[in-house]
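Secondary and tertiary structure notes
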Amino acid sequence: MRIIIKQPSILPGFGIAMGFTLFYLSLIVLIPLSTTFLKSTTLGWPHFWTAVTSPRAVASYRLTFGASLLGALLNAGLGLVVAWVLTRYRFPGRDVVDALVDLPFALPTAVAGITLTSIYAENGWLGKYLVRLGIRVAFTPLGVLVALTFIGLPFVVRSVQPVLEDLDVEVEEAAASLGASRWQTFRRVILPTVLPALLTGFALAFARALGEYGSVVFIAGNMPMRTEITPLLIITKLEQYDYAGATAIAVVMLVFSFLLLLGINRLQGLSRKYQEQP
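Residues numbered from 1 in each chain as written. Predicted model: local features only at pLDDT ≥ 70, side-chain atom pairs only at ≥ 80, totals over all residues. Heavy atoms only, no water.

**Focus: the overall build of the protein**
- When you go through the protein residue by residue, the secondary structure sums to 13 helices and zero strands.
- Along the protein, helices and strands appear, N-terminal first, in the series α-α-α-α-α-α-α-α-α-α-α-α-α.
- Each principal axis of the C-alpha atoms in the protein carries an extent, and together these give about 75 × 60 × 30 Å.
- Per-residue burial over the protein gives 37% buried out of 278 residues.
- In the structure as shown, the protein presents an accessible area of about 17100 Å², 69% of it carried by carbon and sulfur atoms.
- Between the averaged position of the 21 positive side-chain charges in the protein and that of its 15 negative side-chain charges there is a distance of 9 Å. (Helix = DSSP H or I, 4+ residues; strand = E, 2+ residues; numbered from the N terminus. Buried < 20%, exposed > 50% of the residue type's maximum accessible area, 1.4 Å probe, protein only. Areas by Shrake-Rupley, 256 points an atom, 1.4 Å probe, with all protein chains shown as cover. Lys, Arg positive; Asp, Glu negative; His and termini not counted. Charge placed at Lys NZ, Arg CZ, Asp CG, Glu CD.)

Next comes the structure, spelled out in structure tokens:
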């Protein structure tokens, strides 16, 4: 008979720490989310399905998820460039640029929305020139994309920047000395190293954009079937005292957001395994 003796953990207090973690997570996250699901069940399945698949709701899903995904992809590319410039180059005003990256974190979302609207409106500083080119930003889906890109940029930059700082320049110089082009150095040396952090920043920017309200509500114009985002539709139903309908749409957002983030986290794990392979 084989007796297995469990070795004590090197780190003490695992039971207490795990219990506190589960209690705090349940209090802050699980219980509020479970009440959302329970409230939506008061509709019954036929009414629930009707509420979440109405043409107005589907149009809001399409705009919210599409603009959030596109904004996160733009931030993944542009954020990598910004992080590269801040890490690899020294220039006058670098500290100012570095501080500006965090501005969407500190700026109230309503202020950001009003500012973007005033800039990109037809009589705004930039909007009046874009209108001459036939490009309308404010009160269009493009305005939603601009707002979601604005609030998501810091997540990518701050996720990638520490990794680039730890990546020695000598590695890039060694690749160049062996005859690698700049594109080959980026694709085979830099990108595999920063890819997990880049995916993390992308996931954070995407998740942040899905739930954004304040910076979008002003510049979107809030026209049903055209520029109405899902968070605004939820607020509208709450103002109409349709609590069950609002929670039903919120459940759809929760499920899709969780599945998408779960898939992105899986990709992060696979990219780390690929990076660790010899």
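Further notes follow.
**As for the packing of helix α3 (residues 55-88) against helix α12 (residues 230-239)**
- The contact between α3 and α12 brings their axes to 8 Å, and the two run at 145°. Touching R56, A57, S60, Y61 and T64 of α3 are T230, P231, L233 and T236, all from α12.
- Residues that form the contact of α3 with α12 fall into these classes: four nonpolar, four polar and one charged. (Axes fitted to C-alpha atoms, helices over the stretch in contact; angles between N-to-C directions. Contact = heavy atoms within 4.5 Å. Nonpolar A, V, L, I, M, F, W, Y, C, P; charged D, E, K, R; others polar.)

**Overview of the pattern of salt bridges**
- Under the criterion given, the structure shown has seven salt bridges.
- Put simply, R56 and E228 hold a salt bridge, and the shortest N to O gap is 2.6 Å. One end of the pair, R56, is in helix α3; the other, E228, is in the loop between α11 (214-220) and α12, with 172 residues separating them in the sequence.
- Residue classification places E228 among the buried residues on the basis of a relative accessible area of 4%.
- Connected through salt bridges with shared partners, the residues D98, D102 and R158 form a single ionic network. (Salt bridge = Lys/Arg side-chain N within 4 Å of Asp/Glu carboxyl O.)

**Looking at the nonpolar core**
- In this structure, Y61 and V160 are the most contacted members of the largest nonpolar core, which totals 35 residues.
- Only α2 (45-52), α3, α8 (141-166), α10 (182-210), α12 and α13 (243-276) provide two or more residues apiece to this core.
- Those residues in contact with V160 that sit more than four places away from it in its chain are L80, A83, V194, A197 and L198.
- Grouped together as the second largest cluster of nonpolar side chains are 16 residues, L63, I151, A220 and L232 included. (Core = buried A, V, L, I, M, F, W, Y, C linked by side-chain atoms within 4.5 Å.)

**Considering a negative patch on the surface**
- The grouping of E165, D166, D168, E170 and E173 at the surface amounts to a negative patch.
- At the level of secondary structure, the elements contributing two or more residues to the negative patch comprise α8 and α9 (169-177).
- Looking at where E165 falls in the secondary structure, it is placed in helix α8.
- Judged by relative accessible area, E165 falls into the partly exposed class, the value being 49%. (Patch = residues over 30% accessible without salt bridge, like charges linked within 9 Å, V, L, I, M, F, W, Y side chains within 5 Å.)

**Digging into the environment of T247**
- Take T247: it is sitting in helix α13.
- On the accessibility criterion, T247 (15% relative accessible area) is buried.
- In sequence terms T247 and L33 are 214 residues apart; their C-alpha atoms lie 10.0 Å from each other.
- A distance of 2.8 Å separates a polar atom in the side chain of T247 from the backbone oxygen of A244. (Polar contact = N/O pair within 3.5 Å; in protein donor to acceptor, adjacent residues only side chain to side chain.)

**A word on the packing of aromatic side chains**
- Enumeration according to the criterion identifies eight aromatic pairs in this entry.
- Relative to Y243, the ring of Y241 has its centre 6.2 Å away and its plane inclined at 80°; by these criteria the two rings are edge-to-face.
- Judged by its relative accessible area of 64%, Y241 falls in the exposed class.
- Given the relative accessible area of 40%, Y243 is considered partly exposed.
- Aromatic rings pair up to connect W45, F48 and W49 into one cluster.
- The ring of W84 has R88 sitting right over it, with the charged end atom 5.0 Å from the ring centre. (Phe/Tyr/Trp six-rings, centres within 6.5 Å; stacked < 30°, edge-to-face > 60°. Lys NZ or Arg CZ within 6 Å of the ring centre and 35° of its normal.)

**Re the side chain of K237**
- Within the secondary structure, K237 sits in helix α12.
- When sequence neighbours within four positions are dropped, the list of residues in contact with K237 reads D242, G245, A246 and I249.

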